[in-house]
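Summary of the model geometry
This is what each chain is made of:
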Amino acid sequence: MSPSTKPSWTSWDAPTERWLLSGFRREGQARSVLLELVARIVFPTVLVVSVYLLFAGHDRAGGGFTGGLVAGQAFLLRHLAGGRMDDSAVVSMRPPVLIGLGLTIACVSAFLPLLFGGQLLETAIYEFTLPLLGEIKFVSSVILDTGVFLLIVGVVLDLLRTLGSGIEADADAAARERR
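Residues numbered from 1 in each chain as written. Predicted model: local features only at pLDDT ≥ 70, side-chain atom pairs only at ≥ 80, totals over all residues. Heavy atoms only, no water.

An unreviewed UniProt entry lists the protein under the name Cation transporter, with Saccharopolyspora aridisoli as the source organism. Listed in UniProt under the heading Subcellular location (unreviewed entry), the comment for the protein reads: "Cell membrane". (UniProt positions renumbered as here; feature names shortened; annotations may be inferred.)

Shown next, in the form of structure tokens:
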């Protein structure tokens, strides 16, 4: 923007540089630099918290469902800030693949104990020591929680894609009617 051109009071915070944009920019859409930057800062932080909730779920509050919902909130924030994510986004995922992968992991981990004479959804606890990390406790229910986590993230992303495309189609139809 040249110094002679003053921005209007309604567009003073619109991003002008490509690196500030976190997703696919739709023409004519008002966007805020503040929301873009907050989304870029908060997105990875919320994803780390969701992974913590995933692994802490056996001994504390959390688990695959809670972690998946928190990760879904991160993607919702990203969607609100930047619209539909394009191929240059940090994470490019296909929701049906995540849903299928999560459902497969959850079902296999639920039925696997039956092959070894156990009960459905039976949990095993393994404790071992690693040189740099010390004593590690692995609970097999984390595999089920990981499947649920992927399933929930896939469902949230699919909802964003479905609802977002409906909103975009309505906006395009309204723009055509105005012409």
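Looking now at the nonpolar core. Residues Phe75, Leu98, Phe149, Val153 and Leu157 are the most contacted members of the largest nonpolar core, which totals 13 residues. Among the secondary structure elements, those contributing two or more residues to this core are helix H1 (33-56), helix H2 (64-82) and helix H4 (141-178). Sorting elements by how many residues they give to this core places H4 first, with seven residues. (Core = buried A, V, L, I, M, F, W, Y, C linked by side-chain atoms within 4.5 Å. Buried < 20%, exposed > 50% of the residue type's maximum accessible area, 1.4 Å probe, protein only. Helix = DSSP H or I, 4+ residues; strand = E, 2+ residues; numbered from the N terminus.)

Let's shift gears to helix H3 (residues 95-115). Spanning 21 residues, H3 covers 30 Å between terminal C-alpha atoms, matching the ideal 30 Å at 1.5 Å per step. Along its length, H3 reaches its greatest deviation from straightness, about 25 degrees, at Ser109, and the proline Pro113 lies no more than four positions downstream. When we look at burial in H3, the residues that qualify are Pro95, Leu98, Gly102, Ala106, Ser109, Ala110 and Pro113. Count one or two residues on from H3 and you reach Gly117, which has phi positive near 80 degrees. (Expected span 1.5 Å × (residues − 1). Bend = angle between axes of the 7 residues up to and from the residue.)

On to the packing of H1 against H2, then. Two numbers describe how H1 lies on H2: the axes approach to 8 Å, and their chain directions differ by 170 degrees. Classed by the angle they form, the pair H1 and H2 counts as roughly antiparallel. Contacts between H1 and H2 involve Leu35, Glu36, Ala39, Val42, Phe43, Val46, Leu47, Val49, Ser50, Leu53 and Leu54 from the former and Gly64, Thr66, Gly67, Val70, Ala71, Ala74, Phe75, Leu77, Arg78, Leu80, Ala81 and Gly82 from the latter. Split into classes, the residues belonging to the contact of H1 with H2 amount to 16 nonpolar, five polar and two charged. (Axes fitted to C-alpha atoms, helices over the stretch in contact; angles between N-to-C directions. Parallel < 35°, antiparallel > 145°, perpendicular 65-115°, else oblique. Contact = heavy atoms within 4.5 Å. Nonpolar A, V, L, I, M, F, W, Y, C, P; charged D, E, K, R; others polar.)

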